[in-house]
Every structure is written in structure tokens, then in C-alpha cells.
Amino acid sequence: MRCGKIKKLMYDYIDGTLTESVSQDIDRHIDECSKCAKHHQNITQNIALLKELPKLETPDMWTSIHEKIMEEEQASSLAVLWNHFKTISQPYAVPVASCALILIVSGVLLSRGMLASKDTVIDVQFRTTQEIAFYIREHNLPDNSATFHGEFETLSITTENGV
Amino acid sequence: MVEEHSEELPQIDEATIRKCQEGDKGAFHMIYQHFKTKVFSTAFRFTNNYDEAMDLTQDIFINIFKKIKMFEFRSSLSTWIYRLSVNAGIDRVRKYKRYTLTSMDHPDFQATNDFKELHKEHQVKRADENVIQDENAASTHEALQRLSPKLRAILILRYIEDLPYSEIATVLKCSEGTVKSRLNRAHIKLKEVLEKDSEVGR
């Protein structure tokens, strides 16, 4: 027998599942071939070590496994409820969404209008920056209340709640 | 010695599995009782200590409960549970990058504290056993930790869990030929690691 064939049969040989004649052929080969003998020895030594590994005491883990499962079931039952809610509410989804949209848009528009009505825009014409600074100080306006409108001389001053 | 429970193990029949698939916790508890030792001893060899092994075992059982609906009776439940366990073990090793193929090439490779602790744990838990055997066990376990998770899996299934090649092939979803060739690689690697270790140890 050749080494390749021995390699293929090695595990069956070690397990003792080969017929006696094949097994004896391998015996003979291993006696003569140091490479296969070494391979065989390595495997049997490894197996001996692995088989020697102690059987372990199994700790009881049921309580925590059970707890975790219950927790996850609770979480997923909430998800089921939500999905259920989604399926029932599906036929109304479009009308509900459009109502909500209308509400939001009109709300925004209304509040903007109300805010705008509180503001006073004072359009004042100035010739120089000194004049602007003077005007701001004079009227006790916040420093950032002046905004440019195009050309240097034309400014509008916006204040909240009017001045 | 650890007592053998095999006679007391509740038998898992098809009805129990079906009940568990419907979410029956009692049925799941029976499955847990039946497989906890197998799952824990498999998980343990993918980790460095009892705590990690317990953590991994819990994750595996929760996963079993979640996925048992998908079990289609095409293999035995045992094979299916081994598959989930081994996959979880391989995942965990990859996630925590516990093994480094290069570490054994470093001359100053340190026998990590984890392994020493493991060794101690063995001594605490198995005070009746002789110390040499514990030392051997610790160094074998340590060597296993430095094999790639796939090679480790095959050694665990074959020599610790004693599964036949055909079942290993089903667990790992490969052919028996692949099982044997991978087993060969695993043996060569294990021998390398063990020899390197004994050189470093001296």
C-alpha cells in the first residue's frame, strides 16, 4: 500500500473499523514507513490527550435562560401588538395622514402669521454707518437687530414685539 | 467523578419537539435538561473559563428556543442542536478574536492568565483527580484555543462529544471526506502547537 492510501484509511484504522486483512496491511506499512508511523503516532497521542480532558460539571442555567426568554417574549408581544395596530389602521392610513398634514401645515402658517404680527419692521434710511450705530443706541435696540437690504444706505431694522 | 445522568434524562420525542415549536416552556425545559451537558461541554471548549462557557450556553439555548420552529425533523434534534452550538462557538471565537495564529510563533508567547485560572478551576472542581492529569488537561485545552475555530470544532465533535464522522458531516454541512481531511489538518496543527508549547515551557 502507498502512503496516500494509508493517509486516507488512517482514521478507520485507528477506529478499528477496517477488515482484518486491510488493517494488517497498514500494520506492515507503518512498521516500514517512518513518515506514516510518525503521522499515526501524532494522531493517537492527540486523541489520548483529548480523551483525557475531564468531563465537566454542568452548572444550572435554567433560571436565567427562562428569564431571558420571558423578557424577549414580552418585548416581542409588544411588537406583535404594534403590528396588529398597523394592520387594523391600514385602511385609514391615507385619510389620517392627510388630516395630520393639513393640521401641521395650517398650524405652521397660523403661528407664522401670529409671529409676524408681533414684529415691527422699521425701514429707515441712513447715509453712514455712524448714523446706524447712533440710531441703535438711541432706540435701545439689540446690536444684531440691523440687517442689510441691498445697498449700504438702505437698512431695515427688525425688532420683536415692536419698539 | 461527575455522575452519569444518562438514565434519568427525559426522552425527547416528536411530540415534545412539536410542543416546544408552539412555544411550550415545559417542553423546552425538557429539551434543556436533555441537552445541557452536551451544549455546555461543547461551548466550554470554545471559551476560556466557566463564566464564558455559561454565558455562551445560555445564548445557545435562547437561540434554540427561538429557532426551533425552523427545525424540520430532517436530522436528529441532537445533530441540529450541535450545529447551533458549534456555529455559536465559532462566532464567539471570531468575535472576541481569542485565537491568533501568529501568537505561537512569538518566542515570548505567554501562557495567559486565563489558562492558568482554568487550570486552577480544574483543581478546585476536581480536587480528587491527580495534578498531572489536570496539567495535561489545561495544556490541551490551551492548545485547542490556538487552533482556528473550524479546526477546533472538528476535534471537539469527534473526540470530546464522540460523534461519528457521518453525524459530524451533517452538523458541519459538509461531506465525510471533508470531515476527515479537516480532521487531519486539525491533528497536524494541534501537534505543532503542543510541541511549541512544551519547548516554551522548558
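Cut-offs used in this document
Residues numbered from 1 in each chain as written. Chains lettered and ligands numbered in written order. Predicted model: local features only at pLDDT ≥ 70, side-chain atom pairs only at ≥ 80, totals over all residues. Heavy atoms only, no water. Helix = DSSP H or I, 4+ residues; strand = E, 2+ residues; numbered from the N terminus. Buried < 20%, exposed > 50% of the residue type's maximum accessible area, 1.4 Å probe, protein only. Contact = heavy atoms within 4.5 Å. Areas by Shrake-Rupley, 256 points an atom, 1.4 Å probe, with all protein chains shown as cover. Salt bridge = Lys/Arg side-chain N within 4 Å of Asp/Glu carboxyl O. Core = buried A, V, L, I, M, F, W, Y, C linked by side-chain atoms within 4.5 Å. Buried area = accessible area lost by both parts, 1.4 Å probe. Nonpolar A, V, L, I, M, F, W, Y, C, P; charged D, E, K, R; others polar. Axes fitted to C-alpha atoms, helices over the stretch in contact; angles between N-to-C directions. Parallel < 35°, antiparallel > 145°, perpendicular 65-115°, else oblique. Left-handed = near helix turned anticlockwise from the far one by under 90°. Bend = angle between axes of the 7 residues up to and from the residue. Polar contact = N/O pair within 3.5 Å; in protein donor to acceptor, adjacent residues only side chain to side chain. Patch = residues over 30% accessible without salt bridge, like charges linked within 9 Å, V, L, I, M, F, W, Y side chains within 5 Å.

Enquirer: I tried to follow the overall build of chain A on my own but got confused; where do I start?
Expert: Within chain A, the secondary structure is distributed over six helices and three strands. If you list the helices and strands of chain A from N to C, you get α-α-α-α-α-β-α-β-β. Taken across its 163 residues, chain A has 23% of its residues classed as buried. Within chain A, counting contacts between residues at least 6 apart in sequence, those at least 24 apart form 54% of the total. Accessible surface, chain A as shown: approximately 11,900 Å² in total, 59% of it carbon and sulfur.

Enquirer: Teacher, can you tell me more about the pattern of salt bridges here?
Expert: Oppositely charged side chains can pair when the atoms bearing their charge come close. What the rule picks out here adds up to twelve salt bridges over all chains. With a closest N to O distance of 3.3 Å, A:Asp12 and B:Lys180 form a salt bridge. Of the two residues, A:Asp12 sits in helix H1 (residues 3–15) while B:Lys180 sits in helix H9 (residues 176–201), which places them in two different chains. Taken individually, A:Asp12 and B:Lys180 each receive the classification buried, so the pair is uniform in this respect. Residues A:Glu73 and B:Lys25 are paired through a salt bridge, measuring 3.0 Å at the closest nitrogen-oxygen approach.

Enquirer: Sorry if this is basic, but what is going on with unusual backbone geometry here?
Expert: In most cases, non-glycine residues show a negative phi, while peptide bonds are predominantly trans. Residue and element names in this part refer to chain B. Of note, Phe73 is a non-glycine position whose phi angle comes to about 60°, a positive value. Among the structural elements, Phe73 can be located in the loop between helix H3 (50–67) and helix H4 (77–96). Judged by its relative accessible area of 28%, Phe73 falls in the partly exposed class.

Enquirer: I keep staring at the nonpolar core and nothing clicks. Help me out?
Expert: Among soluble globular proteins, nonpolar side chains are generally buried collectively. Core analysis: the largest hydrophobic core is formed by 73 residues, its most contacted members being A:Ile65, B:Phe28, B:Leu77 and B:Leu155. Per-element tally for this core: the top contributor is helix H2 (residues 25–44) of chain B, with nine residues. Not counting the four nearest positions on each side in its chain, B:Leu155 is found in contact with A:Leu50, B:Leu144, B:Leu147, B:Ile160, B:Leu183, B:Ala186, B:His187 and B:Leu190.

Enquirer: How should the interface of chain B and chain A be read in this particular structure?
Expert: How big an interface is tends to be expressed through the accessible area that disappears when the partners come together. Taken together, the contacts link 42 residues of chain B with 32 residues of chain A. For the chain B and chain A pair, buried surface summed over both sides reaches about 3,800 Å², with 63% attributable to carbon and sulfur atoms. Taken as a group, B:Lys25, B:Tyr159 and B:Lys191 account for 15% of the area that chain B buries against chain A, more than any other trio of residues on that side. Taken together, the links from chain B to chain A amount to five salt bridges. Every element with two or more residues in the side of chain B that touches chain A is listed here: H2, H3, helix H5 (113–125), helix H6 (131–145), helix H7 (149–160) and H9 of chain B. Looking at the side of chain B that touches chain A, its residues break down into 19 nonpolar, twelve polar and eleven charged.

Enquirer: Looking at this model, I keep getting lost on the packing of H2(B) against H3(B). Mind explaining?
Expert: Each pair of packed helices gets described by two things: the angle between the helix axes and the distance between those axes. Residue and element names in this part refer to chain B. Taken N-terminus to C-terminus, the directions of H2 and H3 make an angle of 140°; their axes are 9 Å apart at the nearest point. Considered as vectors, H2 and H3 are oriented oblique to each other. Classified by chirality, the crossing of H3 by H2 is right-handed. Listed contacts from H3 to Lys25, Phe28, Ile31, Tyr32, Phe35, Lys36, Val39, Phe40, Ala43 and Phe44 of H2 are Tyr50, Ala53, Met54, Leu56, Thr57, Ile60, Phe61, Ile64 and Phe65. Tallied by class, residues from the contact of H2 with H3 come to 16 nonpolar, one polar and two charged.

Enquirer: What's the story with H2(B) in this structure? I'm lost.
Expert: An α-helix turns once per 3.6 residues; consequently, residues spaced three or four apart project the same way. Residues and elements named next belong to chain B. Bending of H2 peaks at approximately 55° at the position of Phe35. Burial runs high along H2: 14 of the 20 residues are buried. The N-capping residue of H2, defined by a side-chain oxygen 2.8 Å from the backbone nitrogen of Gly26, is Asp24.

Enquirer: Looking at this model, I keep getting lost on a nonpolar patch on the surface. Mind explaining?
Expert: Where nonpolar side chains cluster on the molecular surface, the patch consists of A:Leu101, A:Val105 and A:Leu109 and spans about 300 Å² of accessible area. On the secondary structure map, A:Leu109 appears in helix H5 (residues 93–118).

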